[in-house]
Amino acid sequence: MRIAVFASGNGSNFQVIAEAVKAGKIDGEIVLLFSDNKQAKVLERAEQLGIPHVSFSPKDFSEKSIYEGEILHLLEEKKVNFIVLAGYMRLIGPALLEAFPEKIINIHPSLLPQFPGLHGIRDAYEARVKETGVTVHYVDKGVDTGPIIAQERVIITEDDTMSSLEDKIHQVEHRLYPEVLKKIIENRERRA
Ligand code: GRF
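Definitions and limits used
- Residues numbered from 1 in each chain as written.
- Predicted model: local features only at pLDDT ≥ 70, side-chain atom pairs only at ≥ 80, totals over all residues.
- Heavy atoms only, no water.
- Axes fitted to C-alpha atoms, helices over the stretch in contact; angles between N-to-C directions.
- Helix = DSSP H or I, 4+ residues; strand = E, 2+ residues; numbered from the N terminus.
- Parallel < 35°, antiparallel > 145°, perpendicular 65-115°, else oblique.
- Left-handed = near helix turned anticlockwise from the far one by under 90°.
- Contact = heavy atoms within 4.5 Å.
- Nonpolar A, V, L, I, M, F, W, Y, C, P; charged D, E, K, R; others polar.
- Pairing = 2+ DSSP bridges.
- Near = heavy atom within 4 Å.
- Polar contact = N/O pair within 3.5 Å; in protein donor to acceptor, adjacent residues only side chain to side chain.
- Areas by Shrake-Rupley, 256 points an atom, 1.4 Å probe, with all protein chains shown as cover.
- Buried < 20%, exposed > 50% of the residue type's maximum accessible area, 1.4 Å probe, protein only.

Draft legend 1. Here's a closer look at the packing of helix 1 (residues 12-22) against helix 2 (residues 41-49). Running from amino to carboxyl end, helix 1 crosses helix 2 at an angle of 15 degrees, the nearest separation of the two axes being 9 Å. Here helix 1 lies roughly parallel to helix 2, going by the angle between them. The crossing of helix 1 and helix 2 is right-handed. The segment helix 1 lies against helix 2, with S12, F14, Q15, A18 and K22 engaging V42, R45, A46 and L49. For the contact of helix 1 with helix 2, the per-class residue count stands at five nonpolar, two polar and two charged.

Below you can see the structure in the form of structure tokens.
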């Protein structure tokens, strides 16, 4: 599997996946890290890990479709056949979705369909629910609406602060995302 990771920010999920690939735990290669944010920390991580990285923003183009066309071109050039979104803060447009059917996954910090959108952790915390969690799902045209692949619960205790809850969620993400990616790739290779 030739994998591209898309990320907009910190990149801790990118890092754990890249390390799992390097350690031979995931049968694939990360051939591209793409970021829509030229200041993102994830670009430094890619540099340190020796992973090819490219960054440009929709603002560099007159239309979003041209921006996505440019990404598509990159993906073709690198012969990418699977995309992992890891904190990529944009909707995926029709051209990319059509080119990669059931081949784009995302991780979201809540038990979807609860608390979709940009602030899954904060929204769950402020709603004072007793549990939240992490979801890995296929990407469709909606906001965090695609078919669910895996979920794991995280209990919110009386003592939790936003920050302790964030830590708990990220710990689960960092275990779950590489595990799920590994399984998806194994299943597809078995079927091939
Ligand atoms: C994660 O919480 C993920 O669930 C969400 O964005 C965050 C990315 O964190 N989609 P990082 O950039 O991987 O550290």
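Draft legend 2. Geometry of the sheet that holds strand 1 (residues 2-6). The strand order across the open sheet formed by seven strands is 3-2-1-4-5-6-7, and the pairing between neighbours is mixed. The sheet is open, and its two edges are formed by strand 3 (53-55) and strand 7 (148-155), each paired on a single side. Across the sheet, the mean angle separating the axes of adjacent strands is 20 degrees when strand polarity is ignored. Where strand 1 and strand 2 (residues 29-35) come together, five bridges link them in parallel fashion. Bridge pairing links F6 to F34 in strand 2.

Draft legend 3. Inspection of the site of the ligand at higher detail. Neighbouring residues of the ligand: N10, G11, S12, N13, G87, I107, H108, P109, H170 and E173. Note that a nitrogen atom of the ligand is positioned 2.9 Å from one of the backbone N or O atoms of I107. Bound to the protein, the ligand loses 86% of the 370 Å² it would expose on its own. For the shell around the ligand, the secondary-structure elements that each account for two or more residues are helix 1, strand 5 (104-108) and helix 6 (162-191). Here the shell around the ligand is built from residues that sort into two nonpolar, seven polar and one charged.

Draft legend 4. Region of interest: the environment of N13. With respect to the helices, strands and loops of the structure, N13 is situated in helix 1. Taking relative accessible area as the criterion, N13 reaches 8% and is therefore assigned buried. Beyond its immediate sequence surroundings of up to four residues, N13 is in contact with A86, I107, E173, H174 and Y177. Of note is the side chain of N13, whose polar atom sits 3.2 Å from the side chain of E173.

Fair warning: the whole summary comes from geometry, so function is off the table for now.
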